[in-house]
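# Fold and contact review
One letter stands for each residue in the lines below.
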Amino acid sequence: MVAENFKETYDVSTVAELKQYVEDEMNCAVVIQHLMENSSFEVSEKYIDYRMYHYGKLWDTLVQETYGESVDADMYFSSMYGYSLDEMKEFWREDVTEQIKYELLYEELAKKESLTLDEEAVKEYIVTIFSQEMVDNNIERCYQSAGLGNTEDGKVYLENRAKVNKFIMDKYKIVWKERDDIQKYSLILFCNIILLYKI
């Protein structure tokens, strides 16, 4: 059952491999969250506006692919949620700013540690976020989605994230043993996965 549901995307075939995968992901989350909480970032409003523009364009593309060229993101959000695209952008601004900070953190860590990873390993990591089918058929859309509409920023972000996560998994396994709260959360997550897929 594990192999059926998780082999293609996460390369795990047994319950033990799945549990290890969840633990490794939690290790990365703990380290990155700690670094985010103890770092400071200066992101200009102009750059946030630039990224918001691309995010709006991504929504235009997604809406038009789903509903046809005559419908844009502004029409979609107005009819579905009662907000214009500009009003939605104000809701998204904080999340976009937070994503930019994560991008900067991953970029700085990859640079500071001189991390490298071959293209195949990066693609394997991207598959865990999206899917094998998406990576095989439209990796540019993966980059665009990860970059909130900006393909190049998304590619750099995913590459840096893959490098840093591998580095953390290789170097900081001890974090798992020290964080009971995260361990409990991970075990709950793992149990929910077992219940969901009845493995």
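Residues numbered from 1 in each chain as written. Predicted model: local features only at pLDDT ≥ 70, side-chain atom pairs only at ≥ 80, totals over all residues. Heavy atoms only, no water.

Two measures define how a pair of helices packs: the angle their axes make with one another and the distance between the axes. Relative to each other, helix α3 (residues 45–67) and helix α4 (residues 73–81) sit at 75°, their axes nearing to 8 Å. In terms of orientation, α3 and α4 fall into the roughly perpendicular class. Taken together, the residues of α4 that come into contact with α3 (itself represented by G56, W59, D60, V63 and Y67) are A73, D74, Y76 and F77. (Axes fitted to C-alpha atoms, helices over the stretch in contact; angles between N-to-C directions. Helix = DSSP H or I, 4+ residues; strand = E, 2+ residues; numbered from the N terminus. Parallel < 35°, antiparallel > 145°, perpendicular 65-115°, else oblique. Contact = heavy atoms within 4.5 Å.)

Take a nonpolar patch on the surface next. On the surface, a cluster of nonpolar side chains totalling about 440 Å² of accessible area is made up of M80, Y81, Y83 and F91. Examined against the element boundaries, Y83 turns out to sit in the loop between α4 and α5 (85–112). With relative accessibility at 36%, the residue Y83 sits in the partly exposed group. (Patch = residues over 30% accessible without salt bridge, like charges linked within 9 Å, V, L, I, M, F, W, Y side chains within 5 Å. Areas by Shrake-Rupley, 256 points an atom, 1.4 Å probe, with all protein chains shown as cover. Salt bridge = Lys/Arg side-chain N within 4 Å of Asp/Glu carboxyl O. Buried < 20%, exposed > 50% of the residue type's maximum accessible area, 1.4 Å probe, protein only.)

A full pass over the atoms with the stated rule returns 7 salt bridges. For E45, the salt bridge identified is with R93, shortest N-O distance 2.8 Å. Of this pair, E45 sits in helix α3 while R93 sits in helix α5, placing them 48 residues apart in sequence. Of the charged contacts, one joins D153 and R51 as a salt bridge, the two residues approaching to 3.4 Å between their closest N and O atoms. Linking D153 in helix α8 (residues 151–171) with R51 in helix α3, this pair joins segments that are 102 residues apart in sequence. Within this structure, E45, D49 and R93 form a network of salt bridges that share partners.

Time to look at the confidence of the model for the protein chain. Chain-level statistics for the protein chain give a pLDDT mean of 82 and a share of 80% at 70 or above. Ignoring residues within four places in sequence, the model shows residues 174–199, a span with pLDDT below 50, making 34 contacts including any to other chains. (pLDDT = per-residue confidence, 0-100.)

As a further point, take the packing of α3 against α5. At their nearest, the axes of α3 and α5 sit 9 Å apart, and the two run at 115° to each other. As for how α3 packs across α5, the hand of that crossing is right-handed. Contact residues: α3 offers E45, Y47, I48, D49, R51, M52, Y53, Y55, G56 and W59, while α5 offers L85, K89, W92, R93, V96, T97, I100 and E103. Of the residues belonging to the contact of α3 with α5, the class tally is 10 nonpolar, 2 polar and 6 charged. (Left-handed = near helix turned anticlockwise from the far one by under 90°. Nonpolar A, V, L, I, M, F, W, Y, C, P; charged D, E, K, R; others polar.)

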